[in-house]
Every structure is written in C-alpha cells, then in structure tokens.
2 protein chains.
Amino acid sequence: MDNSVIDKVITQAFTEKSLHQFYCTTETCAGWERNIIDQPEAVKKIINNGADRIAAGLGVGRELQDLSVARMIDHTLLKADATIDDIKKLCSEARDYHFASVCINPAFVPLADKELDGTDVKVCTVIGFPLGATSVSAKRHEAETALNEGAEEIDMVINIGMLKSGEYDYVFNDINQVALAAKKRNAVCKVIIETSLLTDEEKIKACLIAKKAKADFVKTSTGFSTGGATASDVALMKYVVGSSVGVKASGGIRSREDAEAMIESGADRIGASASVKIVTGGVGEGNY
Amino acid sequence: MDNSVIDKVITQAFTEKSLHQFYCTTETCAGWERNIIDQPEAVKKIINNGADRIAAGLGVGRELQDLSVARMIDHTLLKADATIDDIKKLCSEARDYHFASVCINPAFVPLADKELDGTDVKVCTVIGFPLGATSVSAKRHEAETALNEGAEEIDMVINIGMLKSGEYDYVFNDINQVALAAKKRNAVCKVIIETSLLTDEEKIKACLIAKKAKADFVKTSTGFSTGGATASDVALMKYVVGSSVGVKASGGIRSREDAEAMIESGADRIGASASVKIVTGGVGEGNY
C-alpha cells in the first residue's frame, strides 16, 4: 500500500465529515454519508482521488420493500459449544427461508456441505476467527482446507494488532493470501475489520487495504468483541470501498428493524443468528 | 476411547463426591478433592480402575512459601488489538520476573522468539483459539507453523461442540494431532477444556481424552468465554489426570491470593495477564 494514498483518502473523508456537520443542521440528515448526495463537489474530489478506491454506491434511499431480505442474510452460529444437532437445525432453517448462506465454524463445514447439498444456500465459514491474530500461513491453510471441504464463502478476520502497529504490508498480505485462496475456488472472501476496536481512521485504512487485497466484502464485526455493527460504520465502510465491494453488517442485529437500518446505510449482506425472527418480523435474542 | 472406561471413572468420581459430602461436616474441609487423603478406600478403587488414568497428585497442603510462584506463571496477552509494543513490554516483564513463558497469539511468535532469545523464558502460543472449532488439519498446521517459528509451548483448545455431541474419537484425534506435532519438537502441549461451558461429567471426559491423547497439561479456560478458573475445577481436573499430567489454571486470576488458591487446589501452572501484580502482591485488572 502506498501510504500517501491512504493519507489522502483519510484527509478527504474527514474533510467531508466536517463539511457535512457544517451543512447539516436539521434532524432529517440521516448521517454524514449523505454527503455523496448532498455535496456533489466534495464527491467529485473523492472520485478524482481514484475511482477504483472510492465509488458512489451508498445504497441510500433503496426501497426496502422491494428487497428480499432473506437472500441477504448469512444465517450464523459460531458459538464454541454449538453441537451437531444445532448445526443441522441451522441448515434446515436456512433451506426453509432461502438465506444466502449458513455461517459456521470450520469443523462443521463437511456437515453443512452435506446438509445443504442440492439447495440454493451456500456454506460460509470463518478464518482466523475471532481474534484474527494467528499466522498468515495458518489462515491460508485453514481457508484452503475449508474450501476443499465445501466452503463457498470465507469470512476472515484481519490482524488488528498489526494494523494498529502500522504494519500495513503485513495486513495486506494476510488478507491477500486468503482472498487468493478463495478466488482460486471461485469462492467469496469477506474481510472482518472488527469496527468496535478501531478508530474511524483505522476503519478507513482497513477498508482500503482489504479492497486492494481483493476482498469481495468488508464486514463490520465478529460478534465476539466489544461491539457490533452500527449504521454509521456501515455507511463509512460503504463510502470507502464503493460499489464494487460489498459491506456485510454483523453483530447485535436482532430484529427486522435493525437489519433494515443496516441496509439503508448501505449494507449488502447481514450476518445474524436471529435470522428467522428478522424475516418473520419478531425480535431475536442472539448476540451475533 | 473406550466409553466403558469413561463411564466407570465418572461413576467413581461422583461416588467419591457423595462420600465426601457425607463425611465432611466441618468448615475445615477444603473441598471434595481431599477424598484422596481422607478416603483411602475410595482412592484405592480409583487406582484399581487404572493407574495410568487416575493418580494421586493432588498438591493439597503444599507449602506455598517454598514455591517460586513466578516460575509457574505464563505471562499472557491474547487480546485481538495487542500491538507490537505491547508484546515487547510483555516479553520485557517476563525476562525481569523470570516467568515460565509469555503466552501470545501465533502472529507474534517470531517477535517473542527474538525478544526472549538467550533468556529462561519460553514462548507459548495458542492454537484453535479461543473457540476450538476449526478443522483438525487447520489446528495441526497452525501448531507446526508456530513450532517452526520458535514456539516451545502450545495451548490448544478442544472442540467443545464435538465433545458435547459425543464424538469422542474426533475430540481425541483433534488433540492428538497437535500433541504429536508438539512432541516432535520437544514442545509442551497444554489442552484447554473451557470449563465454564462444560458440565462436571464433560470436564472429566475432556480430561481423560486429553490425557490419552498425550497432553502434558490440561488447562481450565481461554479467558474469552463465560468464566475462568475455579479452585474446585482445578481440583477435579488434577484428580482426574493425576500427577503425570499438569493442570494450568487460567482466566480471572488477578491477585496473588487467586493464584495461591489455584496452586493449593493442585494447579501446576497459572495463566495470567496480571502476573506482575501477582508476584509483587498487588491486584491486577486483566480479565485473563
């Protein structure tokens, strides 16, 4: 990564944020992410900084009624004590509601692959999860094993400590090794940045590095740290990665209302354990 | 594993617990683990069940003043956002106080190996951490990579969901693959059973399987789940694994008093982030 590019984008993002705070004085302002609509001049500057890094795919104003929310949901069970029966139930629900995927720990990939054979539900698993602090080689091997066993989507956690230590080349390579393994198998690679542990500046850096390292999605949270997805983080992430990279909101999404707020802010995918309650309109209990 | 042996040991352990509750009517009874001293007949039965599975190494009544507590401590920092500077500080403290090891995430093994070169402090890392739910192959490769990079102790997490699903052969193989990788390099293998998620019966099963799978230690907790070490869990684990396998107490040990309670119950090693405060007699703040 070229650090001067990162600095430029960060400066521009913060400039826009100030601009927005200056202009936006009424309660109807949804958030500073609306700059891209309200401040065309600022957006032009962003695009001039490199269209492959910043693009205009905010998702503000989508008609939620027209979306099939279920097809955006990764139905998730990552608890350490989840049993074989729990995973079978998860797969059965995913089949019934046509969720995008089930998101499970790697040891259960062969089981989920078998349970979902012949359905439209994909098998998604997690890599370096939830701390993101294992070696690059371990993440790559863990991903390759899961892909060989039937995983079609890979949610990997960045090395947060290395990001905070300014080791951007390390962070890039760590993501890139997993993304390349996924690409070889035509699998989707989502990159979890764990927003609750990052400053806004670090969130922007993480998104830029993930995009450069060939991530298909950036994802807010593991659900195992100090906090989950917020609408403003989703908007910031979507703003930085643009339309060619998806944003997955995860962590603490317990109701249809939560999910809709994330989608309005620009989320393309929702990670939730309360998925059934989200599509049926109830309120879930899961922490994920 | 032979399930009838597991059942026999569990029955015997619970019988002894009842015996103890029956006999022990005063406040001086430290806990049911004292059966091994107070109930020689019951102990004989246990030993008759197989001396390689149950042995008499309780550690009750040790003179703590004669022990160098520091040499029993794994100085621990496993937070996802720990930086390079944090790890350097951890290594520096471990050198100063002669802790047994520093316990860090795999990505920092090369750094810790360099920082601790020429000292008596070992590099310990964690495998399949903290959920224990990745594939067997991923755990084995993660361990081998860490051992190649300088790790001399390996703390691996069992597959808790598979244990709860009754898949004992899976749990055995999962541990054994990592233990064998460690043995090849003369490294120590500790097996984390995550007591807070297990019933007493499951704790006993996990300890028996870990011992059979060539664990050098069983360890109570990751520090990332719903609870940490308790004196009664340490006593139960020591009781089951005997003197040839060590017990490491970890999670929530914040003071010298906590550490001493664990050692009195039979712990051979203490995992703590508050290590300096433990040896200097203060009270720590860490959750680990």
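Just so you know, these numbers come straight off a predicted model, no measurement behind them. Starting from 1, residues in each chain are numbered consecutively following that chain's sequence as written. Numbering of ligands from 1 and lettering of chains from A proceed in the order in which they are written. With pLDDT at 70 or above as the cut-off, local features in this predicted model cover only qualifying residues; side-chain atom pairs require 80 or more to be listed or tallied, and sums for whole chains, interfaces and linings still use all residues. Hydrogens and water molecules were not included; the side-chain quantities draw on all heavy atoms of the structure.

### Things to note about the packing of aromatic side chains
Residue and element names in this part refer to chain A. Two rings belonging to Phe, Tyr or Trp (six-membered ring only in the last case) form a pair when the distance between their centres is within 6.5 Å. Interplanar angles under 30 degrees mark stacking, angles over 60 mark edge-to-face geometry, and anything in between is tilted. The full count for this structure, using the stated rule, is four aromatic pairs over all chains. Aromatic pair Tyr97 and Phe99: ring centres 5.7 Å apart, planes at 20°, arrangement stacked. Each residue's exposure class comes from its accessible area (1.4 Å probe, protein chains only) as a fraction of the maximum for that residue type: buried when under 20%, exposed when over 50%, partly exposed otherwise. Among the residues examined, Tyr97 registers a relative accessible area of 32% and is labelled partly exposed. When the centroid spacing of 5.5 Å and the interplanar angle of 90° are considered together, the rings of Phe129 and Phe224 count as edge-to-face. Residue Phe129 is located in the loop between strand S3 (122-127) and helix H6 (136-148), and its partner Phe224 is located in the loop between strand S6 (217-219) and helix H10 (231-241); the two are separated by 95 residues in the primary sequence. On the basis of relative accessible area, Phe224 is assigned to the partly exposed category, the value being 33%. Consider the ring centre and the ring normal. A charge sits over the ring if Lys NZ or Arg CZ is within 6 Å of that centre and within 35 degrees of that normal. The ring centre of Phe217 lies 6.0 Å from the NZ or CZ of Lys190, which sits over that ring. Going along the chain from the N terminus, every DSSP run of H or I of four or more residues is numbered as a helix, and every run of E of two or more is numbered as a strand.

### Comments concerning the pairing of strand S4 (residues 153-157) of chain B
Along any regular strand, the residues point their side chains to alternate faces of the sheet. All names here are of chain B. The buried count for S4 comes to five of five residues, which makes it a mostly enclosed element. Every second residue of S4 is oriented toward a common face, with Glu153, Asp155 and Val157 on one face and Ile154 and Met156 on the other, all of them buried. Here strand S3 (residues 122-127) runs beside S4; their pairing, made up of four bridges, is parallel. Looking at S4, one finds that Ile127 is bridged to Met156. Looking down the strands as they point away from you, a crossover is right-handed if its path from the first strand over the helix to the second goes clockwise. With respect to chirality, the unit in which S3 leads through helix H6 (residues 136-148) into the neighbouring parallel S4 is right-handed. In this scheme, strands are said to pair when DSSP sees at least two bridges between them.

### Description of the environment of Tyr239 of chain B
All names here are of chain B. Mapped onto the elements of the fold, Tyr239 is located in helix H10 (residues 231-241). We classify Tyr239 as buried; its relative accessible area is 1%. Linking Tyr239 and Cys103, residues 136 residues apart in sequence, is a C-alpha distance of 26 Å.

### Points about the sheet that holds strand S1 (residues 73-77) of chain A
Residue and element names in this part refer to chain A. Spatially, the eight strands close up into a barrel ordered S1-S2-S3-S4-S5-S6-S7-S8, and their pairing is parallel. The mean angle between the axes of side-by-side strands here comes to 25°, regardless of whether they run parallel or antiparallel. Bridge analysis of strand S4 (residues 153-157) against strand S5 (residues 188-192) gives five bridges, and the strand direction is parallel. Opposite Asp155, over in S5, you have Lys190 as the bridge partner. Only heavy atoms matter for contacts: two residues are in contact if any of them lie within 4.5 Å across the pair. Structural elements are reduced to axes, namely lines fitted to C-alpha atoms, with helices fitted over the stretch in contact, and the angle between N-to-C directions of any two is expressed from 0 to 180 degrees. Against the sheet, H10 touches S6 and strand S7 (246-250), its axis set at about 165° to S7.

### What to know about the pattern of salt bridges
Charged atoms that come close allow side chains of opposite charge to pair. A pair is scored as a salt bridge if a Lys or Arg side-chain nitrogen falls within 4 Å of a carboxyl oxygen belonging to Asp or Glu. Counting across every chain of the model gives 38 salt bridges over all chains. In this structure, Lys190 of chain A and Glu153 of chain A form a salt bridge, with 2.6 Å as the shortest nitrogen-oxygen distance. One end of the pair, Lys190 of chain A, is in strand S5; the other, Glu153 of chain A, is in strand S4, and 37 residues separate them in sequence. Accessibility expressed as a relative area gives 0% for Lys190 of chain A, which makes it buried. We classify Glu153 of chain A as buried; its relative accessible area is 2%. Salt-bridge contacts for Arg269 of chain B lead to Asp74 of chain B; the nearest nitrogen and oxygen are separated by 2.5 Å. Linking Arg269 of chain B in strand S8 (residues 269-272) with Asp74 of chain B in strand S1 (residues 73-77), this pair joins segments that are 195 residues apart in sequence.

### Quick look at the side chain of Glu194 of chain B
Residue and element names in this part refer to chain B. Tracing the backbone through its elements, the reader meets Glu194 in the loop between strand S5 (188-192) and helix H9 (200-212). Any N or O atom pair separated by 3.5 Å or less is treated as a polar contact, with the protein-specific requirement of one donor-capable and one acceptor-capable atom, and with residues adjacent in sequence counted only for side-chain atom pairs. Here Thr222 takes part through its side chain, which lies 2.6 Å from a polar atom of the side chain of Glu194. Filtering out sequence-adjacent residues up to four positions away, Glu194 remains in contact with Pro130, Ile160, Lys219, Thr220, Ser221, Thr222, Gly223, Ser225 and Gly227.

### Details of H10 of chain B
All names here are of chain B. Within H10, nine of the 11 residues are buried, which leaves the element mostly enclosed by the surrounding structure. Those residues of H10 that sit buried are Asp233, Val234, Ala235, Leu236, Met237, Lys238, Tyr239, Val240 and Val241. Just past H10, the residue Gly242 takes up positive phi, approximately 75°.

### Considerations on the environment of Ser225 of chain A
All names here are of chain A. Inspection of the secondary structure puts Ser225 in the loop between S6 and H10. Sequence separation between Ser225 and Lys79 is 146 residues; the distance between their C-alpha atoms is 13 Å. Apart from residues no more than four positions distant in its own chain, Ser225 is found in contact with Glu194, Ser196 and Leu197.

### Observations regarding the environment of Thr76 of chain B
All names here are of chain B. Of note, Thr76 is situated in strand S1. Sequence separation between Thr76 and Cys103 is 27 residues, and the spatial gap between their C-alpha atoms is 4.5 Å. Here Asp74 takes part through its backbone oxygen, which lies 2.7 Å from a polar atom of the side chain of Thr76.

### Observations concerning the relation of the copies chain B and chain A
Copies are brought into register by a least-squares superposition over C-alpha atoms of residues with pLDDT of at least 70 in both. Overlaying chain B on chain A yields an RMSD of 0.0 Å, the required transformation being a rotation through 180° with an accompanying axial translation of 0.0 Å. Given the turn and translation reported, the copies of this chain are related as if by a two-fold rotation axis.

### A word on empty space enclosed by the protein
The pocket and cavity definitions rest on a 1 Å grid over protein atoms only: a 1.4 Å probe that fits but cannot leave marks a cavity, an open set with protein on both sides within 12 Å along at least five of seven lines marks a pocket, and residues lining either have an atom within 4 Å of a point. Grid points are joined across faces, edges and corners, and a volume is the space filled by probe spheres set on the points. Inspection of every chain in the model, using the stated rule, returns three cavities of 30 Å³ or more. In this model, the largest cavity occupies a volume close to 230 Å³. What lines the largest cavity is a set of 22 residues, and nearest its centre among them are Gly128 and Phe129 of chain A together with Gly128, Phe129 and Glu142 of chain B. Contributing elements (two or more residues each) for the lining of the largest cavity: H6 of chain A together with H6 of chain B. Each residue is assigned to one class: nonpolar for Ala, Val, Leu, Ile, Met, Phe, Trp, Tyr, Cys and Pro, charged for Asp, Glu, Lys and Arg, and polar for all the others, Gly among them. Counted by class, the lining of the largest cavity contains 12 nonpolar, eight polar and two charged residues.

### Here's the deal with the packing of helix H8 (residues 168-184) of chain B against H9 of chain B
Residues and elements named next belong to chain B. Where H8 meets H9, the closest approach of the two axes is 9 Å, and the angle between their N-to-C directions is 50°. One element, H8, and the other, H9, form an angle in the oblique class. Helix-helix and strand crossings are classified by hand; for H8 and H9 the assignment is right-handed. Residues Tyr168, Val171, Phe172 and Ile175 of H8 lie in contact with H9, whose contacting residues are Lys205, Ile209, Ala210 and Lys212. Looking at the contact of H8 with H9 residue by residue, the class counts come to six nonpolar, no polar and two charged. Here roughly perpendicular refers to angles of 65 to 115 degrees, roughly parallel to angles under 35, roughly antiparallel to angles over 145, and oblique to all remaining angles. Note on convention: the crossing is left-handed when the near helix lies turned anticlockwise from the far helix by less than a right angle, right-handed when the turn is clockwise.

### Some words on the confidence of the model for chain A
The predicted coordinates ought not to be read in detail in places where the model reports low pLDDT. Residue and element names in this part refer to chain A. The predictor attaches a confidence to each residue, called pLDDT, with possible values from 0 through 100. Per-residue confidence for chain A gives a mean pLDDT of 82; residues scoring 70 or more make up 75%. Taken together, the stretch residues 22-67 has pLDDT below 50 and engages in 68 contacts with residues farther than four places along the chain or on a different chain. Taken over the whole predicted complex, pTM reads 0.82, whereas the ipTM for its chain interfaces reads 0.81.

### Here's the deal with helix H9 (residues 200-212) of chain A
Residues and elements named next belong to chain A. The span you would expect from a helix comes to 1.5 Å times its residue count less one. For H9, built from 13 residues, the straight-helix expectation of 18 Å at 1.5 Å per residue is met to within 8% by its first-to-last C-alpha distance of 19 Å. Most of H9 is tucked away: 10 of the 13 residues are buried. For H9, the complete set of buried residues consists of Glu202, Lys203, Ile204, Lys205, Ala206, Cys207, Leu208, Ile209, Ala210 and Lys211. A positive phi of about 80° marks Lys214, the residue just after H9.

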